[in-house]
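# Examining the three-dimensional arrangement
Given next are the chains, with one letter for each unit.
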Amino acid sequence: MAQAMRFFELNTGAKIPSVGLGTWQAAPGVVGDAVATAIKLGYRHIDCAQVYGNEKEIGSVLKKLFEDGVVKREDLWITSKLWNTNHALEDVQEAMDSTLQDLHLNYLDLYLIHWPVSMKKGAVGFNREDLTQPDIPVTWRAMEALYDSGKARAIGVSNFSTKKLGDLLEVARVPPAVVQVECHPVWQQPKLHALCKSKGIHLTGFSPLGSPGTGIVKIEVLKDPVLNMVAEKLGKSPAQIALRWGLQMGHSVLPKSTNEVRIRQNFDVFDFSIPEDLFVKFSEIEQERLIKATVFAHETFGAYRTVEELWDGEI
Ligand SMILES: NC(=O)c1ccc[n+]([C@@H]2O[C@H](COP(=O)([O-])OP(=O)(O)OC[C@H]3O[C@@H](n4cnc5c(N)ncnc54)[C@H](OP(=O)(O)O)[C@@H]3O)[C@@H](O)[C@H]2O)c1
């Protein structure tokens with residue numbers, strides 16, 4: 001009998017639903033329907049971010065679902081993320097308040113520092129001239145204040161290397177509950193996984209299907225031969241195997257889809273397991289980070305001259 005793995009427990013005692021709906025690149029006019037469809041199918045976790053530009057639409061849908069009695073606020077897990085332009089001590093709370101207003105919520109289940117990268121306040125887009133020197137200990141203090149206030153029931157970080165997470169742990173009064181990073185069979189993150197495990201931090205995998213359809217991604221994770229061999233043996237789709245691999249690693253996963261058939265398929269991963277003899281085959285897969293974020297590395301501007309520095313060599 002497969003372990004259902006519907007939740008993972010955080011160091012706050014809260015239970016994060018193991019499969020969440022991703023909303024990056026879910027277009028305005030489409031994302032609302034995707035969220036409503038997912039919640040009606042049983043999803044209880046929605047992954048948002050201010051920079052995705054669609055929190056208002058998601059908020060309107062959530063409000064309607066609450067009013068119609070489809071789901072209760074306390075049964076949902078809503079994550080959002082602090083954008084790079086709001087890292088200053090005095091800007092963090094305002095940024096979160098604006099996200100709460102857009103989402104029509106009065107608390108978040110999880111608030112994350114989106115990147116270990118800071119940009120000029122008010123900057124729009126991804127211009128390298130807007131990059132500034134981040135001060136993560138200061139930003140984290142503001143995140144801790146949000147946690148103390150109860151507006152963020154858990155706090156964490158995203159796109160941190162093992163080194164950057166280790167550095168944060170040295171100065172954090174409230175340790176991060178979650179680190180959200182790229183994680184799938186082609187980028188398995190063993191070092192970060194080990195640090196998280198030893199420190200009681202939960203790892204959430206973003207782009208768990210390898211972000212197909214994103215122009216910058218050149219490798220097709222869903223075409224990986226190991227994934228397809230396992231999918232064929234178990235009678236599942238490659239996407240379901242990629243997600244189930246994440247769950248069996250102990251990670252929550254955030255597949256994005258705006259298509260009802262695929263939203264349903266991505267949630268149908270609780271009643272089977274990848275057996276040990278097939279699970280070990282994943283260690284044969286060649287590794288590569290797909291979302292390198294070269295846009296955040298520059299010789300002159302910001303903190304990281306190269307992508308190697310941004311990721312502390314984990315690339
Ligand atoms: N913290 C961060 O910096 C960060 C970065 C990236 C992502 N994320 C989060 O993680 C979420 C997921 O990552 P992602 O959007 O990059 O990529 P992903 O979930 O790995 O892949 C999404 C793509 O796969 C397609 N798809 C979905 N289900 C499928 C299935 N069963 N079979 C085949 N194709 C399928 C989707 O198309 P359809 O919509 O047409 O189904 C979409 O093009 C994001 O939406 C976001 O919430 C966070």
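We now turn to the structure provided with this report.

Definitions and cut-offs
Residues numbered from 1 in each chain as written. Predicted model: local features only at pLDDT ≥ 70, side-chain atom pairs only at ≥ 80, totals over all residues. Heavy atoms only, no water. Pairing = 2+ DSSP bridges. Helix = DSSP H or I, 4+ residues; strand = E, 2+ residues; numbered from the N terminus. Contact = heavy atoms within 4.5 Å. Axes fitted to C-alpha atoms, helices over the stretch in contact; angles between N-to-C directions. Buried < 20%, exposed > 50% of the residue type's maximum accessible area, 1.4 Å probe, protein only. Arc of directions from axis to C-beta. Disulfide = S-S within 2.5 Å. Near = heavy atom within 4 Å. Polar contact = N/O pair within 3.5 Å; in protein donor to acceptor, adjacent residues only side chain to side chain. Areas by Shrake-Rupley, 256 points an atom, 1.4 Å probe, with all protein chains shown as cover. Nonpolar A, V, L, I, M, F, W, Y, C, P; charged D, E, K, R; others polar.

## A closer look at the sheet that holds strand 9 (residues 155–158)
One open sheet holds the eight strands; their spatial order is 3-4-5-6-9-10-11-12, and the pairing between them is parallel. Sheet topology places strand 3 (21–22) and strand 12 (252–253) at the edges, where each strand pairs with a single neighbour. Pairing of strand 9 with strand 10 (residues 178–182), which is carried by three bridges, proceeds in the parallel orientation. Directly across from Ser 158, in strand 10, lies its bridge partner Gln 180. Relative to strand 5 (residues 77–82), helix 3 (residues 92–103) is tilted by about 140°, and along the sheet it contacts strand 5 and strand 6 (110–113).

## A word on helix 5 (residues 162–171)
What helix 5 keeps buried is the set Thr 162, Lys 164, Leu 165 and Leu 168. Projected onto a plane normal to the axis of helix 5, the buried residues spread over an arc of 165° and lie on a single side. Where helix 5 is buried, its residues touch helix 4 (136–149), strand 9, strand 10, helix 6 (190–199) and helix 11 (307–310).

## Overview of the state of the cysteines
In total, this model carries zero disulfides according to the counting rule given. Cys 196 takes part in no disulfide bond, and the closest cysteine sulfur to it belongs to Cys 183, at a distance of 9.6 Å. On the accessibility criterion, Cys 196 (2% relative accessible area) is buried.

## A closer look at the site of the ligand
Residues in close proximity to the ligand total 28 residues, the closest being Asp 47, Asn 159, Ser 211, Ser 257 and Arg 262. Contact between the ligand and Thr 23: an oxygen atom at 3.1 Å from a main-chain N or O atom of the residue. One of the side-chain N or O atoms of Asp 47 is found 2.6 Å from an oxygen atom in the ligand. Considered on its own, the ligand offers 900 Å² of accessible surface; in the complex 88% of this is hidden by protein. With three residues, helix 9 (residues 260–266) is the largest single contributor of residues to the shell around the ligand. Taken together, the residues of the shell around the ligand break down into 10 nonpolar, 14 polar and four charged.

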